[in-house]
Structures are given as C-alpha cells and as structure tokens.
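Structural characterization, general
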Amino acid sequence: MSGQITLTNDGGIATLTLSNPDKLNAIDSTMWIALHAAMDEIAARDDLRCVILRGAGDKAFAAGGDIEEFLTVRATVDDALHYHDTLVATALDAIRACQIPTVAAIQGACVGGGLEIAGCCDLRIAGESARFGAPINRLGFSMYPGEMAGLLDLVGPAVLLEILLEGRILDAREAMQKGLLTRVVDDEKVIDEAIGAANRISAGAPLVARWHKQWVHRLMDGRPLSVAEKRAAFDFLATDDYREGLEAFFAKRKPRFTGR
C-alpha cells in the first residue's frame with residue numbers, strides 16, 4: 001500500500017503531511033508525485049501565508065525513500081533517471097521554488113529523502129530527539145546530483161561531504177551546529193513552535209515574505225544585480241500593504257495586510 005500526502009489549511013497556514021506510518025513515513029514514488037502536485041497547488045494560491053511540512057505521527061519526519069520499491073523503480077539507468085530526475089528532484093525543486101515561506105517541523109528520523117525535503121524548506125525546527133543523516137553509502141548507491149542542491153546551498157560542500165562520506169547519523173544538537181537546522185526545541189514543543197513561526201510569518205506582509213525569498217535566492221547565484229533588478233527591489237512602494245504598514249505604525253495599531 002502506498003503512502004500519501006495530505007494538505008490542510010487553517011487560516012492561511014497550510015500543513016503538508018508526509019504519511020507512510022508503517023515505514024516511518026518513507027517516501028515512495030506515488031508520494032513524490034503527490035508532493036510535487038501539492039507544492040504546485042500551494043504555489044498557485046494567493047490565500048496562503050505559510051506552509052508547514054511534517055511527518056505523520058511523532059516517530060519520523062521521513063526515513064528516506066522507500067527502499068523496498070527500488071528494485072523496480074530503479075531497475076535500469078533509464079528507470080533510475082526517471083525516478084530521481086522526474087519524480088524526486090522536481091518535487092524538491094518545487095519546494096525550493098515555492099514563493100510562500102515553508103517551515104519543516106521535524107520529529108524523529110529525518111534521513112535521506114526526508115533530509116533532502118527538510119533542506120529545501122526555509123526554516124527547520126526540530127525536536128531534541130530528532131536524528132539526521134544520509135547513510136546510503138551502506139546501501140551501495142550515491143545521492144543523485146539533482147537532489148543535492150538544497151543541502152549544498154544549506155550547509156556547503158564540507159558538511160555535505162561529511163554527511164555522505166561517513167554516513168553517520170547526527171543528533172539534533174550537532175545538526176544545529178553544522179547549519180542543518182534553524183532551532184532545536186523540546187520534542188513535545190516541535191509542532192507548537194512550527195505553528196508559532198508560521199503565525200509570525202503570517203503576521204507580516206505576504207508580498208514582502210515572497211520578495212525576501214526571491215532576493216535571497218537571486219543573490220545566491222553570484223551575479224551582480226542589474227539596474228532593472230535594483231529598481232524592482234522597490235516595487236513595494238506601489239503596494240497597499242506598504243501604505244497599510246506605515247499607517248498602522250503611525251497609528252500604533254496592528255497592520256491588516258491583504259497581499260496587494
């Protein structure tokens with residue numbers, strides 16, 4: 001039986017849940033397809049302010065890909081290329097490219113494909129007992145280059161090579177020290193902390209959140225900004241939210257942003 005991806009919405013905060021409870025939420029090919037579709041749906045919606053990604057239950061965020069299906073989905077080079085390039089990498093790219101802020105709420109195992117998903121999110125909040133790694137060297141296969149991008153951007157080549165070459169499982173504190181995580185909290189507070197972060201994000205101007213993500217990604221490619229891009233950085237001047245923010249500041253009240 002295949003796992004599933006569920007998507008719910010509560011007041012503009014979406015929760016995307018990876019669910020394959022019999023396998024610690026290991027992600028099978030059906031789930032990768034559904035994850036890509038869910039992220040496309042999220043990106044197309046104007047009513048969402050933030051997305052929380054989590055695993056079903058509290059035992060795992062996701063314990064990698066579903067190894068049981070590898071004998072069929074990766075039986076040949078063509079099969080493997082389709083699986084990793086068309087299914088997995090495109091789902092990860094959809095998370096990284098999503099204009100809406102994303103928060104990974106990590107409980108338990110966050111390994112292999114689960115680590116790749118978390119690495120593509122904007123914030124990663126983990127419990128003390130969460131565990132991280134990609135011990136695929138013990139299984140005789142390498143991480144597909146198209147799946148490395150998020151982790152490489154996040155922690156750089158030295159830490160990524162340490163994770164892949166040693167295949168060691170990191171505890172939450174070491175993962176935090178190495179830059180894999182945003183913060184570590186008590187296990188029972190992970191979901192509440194993720195919701196709190198989502199609420200703080202949602203309280204800000206949604207266009208500004210999207211622009212901040214856009215500019216961070218743009219600056220990471222190393223090219224100097226063009227004159228047109230520099231001018232575009234001030235597009236906020238023409239928005240209702242900018243006027244509302246200033247009016248609320250001077251009136252000493254909370255702003256009511258509409259995303260326009």
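Structure first, text after, so check above.
Quick summary incoming for the structure in this document. Computed from a predicted model, the values in this text were never measured in an experiment. (Residues numbered from 1 in each chain as written. Predicted model: local features only at pLDDT ≥ 70, side-chain atom pairs only at ≥ 80, totals over all residues. Heavy atoms only, no water.)

Helix and strand counts for the protein chain come out as ten helices and ten strands. The C-alpha radius of gyration computed for the protein chain amounts to 19 Å, which stays within 12% of the reference 18 Å derived for 260 residues, consistent with globular compactness. Per-residue burial over the protein chain gives 45% buried out of 260 residues. Here the contacts in the protein chain between residues at least 6 apart in sequence split such that 69% fall between residues at least 24 apart. (Helix = DSSP H or I, 4+ residues; strand = E, 2+ residues; numbered from the N terminus. Rg over C-alpha atoms; globule rule 2.2 N^0.38 Å. Buried < 20%, exposed > 50% of the residue type's maximum accessible area, 1.4 Å probe, protein only. Contact = heavy atoms within 4.5 Å.)

Turning to the packing of aromatic side chains, a few remarks are in order. Evaluation of the coordinates by the stated rule reveals five aromatic pairs. Centre to centre, the rings of Phe 70 and Phe 141 are 5.7 Å apart; their planes meet at 80°, and the pair counts as edge-to-face. Taken together, the residues span a long stretch of sequence, with Phe 70 in helix 2 (residues 70-73) and Phe 141 in the loop between strand 8 (131-133) and helix 5 (145-166) at a distance of 71 residues. Pairing Phe 234 with Phe 236 gives two aromatic rings, centres 6.0 Å apart and planes at 50°, and the pair type is tilted. For Phe 234, a relative accessible area of 49% puts it in the partly exposed group. Here the aromatic cluster, defined as three or more aromatic residues joined through ring pairs, consists of Phe 70, Tyr 83 and Phe 141. Directly above the ring of Phe 70 sits Arg 74, whose terminal nitrogen or CZ lies 3.8 Å from the centroid. Geometry around Phe 141 places Arg 74 over its ring, the cationic atom sitting 4.2 Å from the centre. (Phe/Tyr/Trp six-rings, centres within 6.5 Å; stacked < 30°, edge-to-face > 60°. Lys NZ or Arg CZ within 6 Å of the ring centre and 35° of its normal.)

On to the pattern of salt bridges. One side chain can pair with another of opposite charge once the charged atoms of both are near each other. Tallied over the full model, the rule gives 20 salt bridges. As a salt-bridge pair, Lys 178 and Glu 174 come within 3.6 Å of each other at their nearest N and O atoms. The partner of Glu 193 in a salt bridge is Arg 200, and the shortest N-O contact between them spans 3.4 Å. Arg 200 gets classed as exposed once you look at its relative accessible area, which sits at 51%. (Salt bridge = Lys/Arg side-chain N within 4 Å of Asp/Glu carboxyl O.)

Its 22 residues place the ends of helix 5 only 18 Å apart at the C-alpha level, less than the 32 Å of an ideal helix rising 1.5 Å per residue. A bend of about 115° at Gly 156 is the largest found in helix 5, and the proline Pro 157 appears one to four places after it. Those residues of helix 5 lying buried are Glu 147, Gly 150, Leu 151, Val 155, Gly 156, Val 159, Leu 160, Ile 163 and Leu 164. In this structure, the buried side of helix 5 is in contact with helix 3 (77-97), helix 4 (113-119), strand 8 and strand 9 (170-171). Positioned one or two residues after helix 5, Gly 167 has a phi angle of 65°, which is positive. (Expected span 1.5 Å × (residues − 1). Bend = angle between axes of the 7 residues up to and from the residue.)

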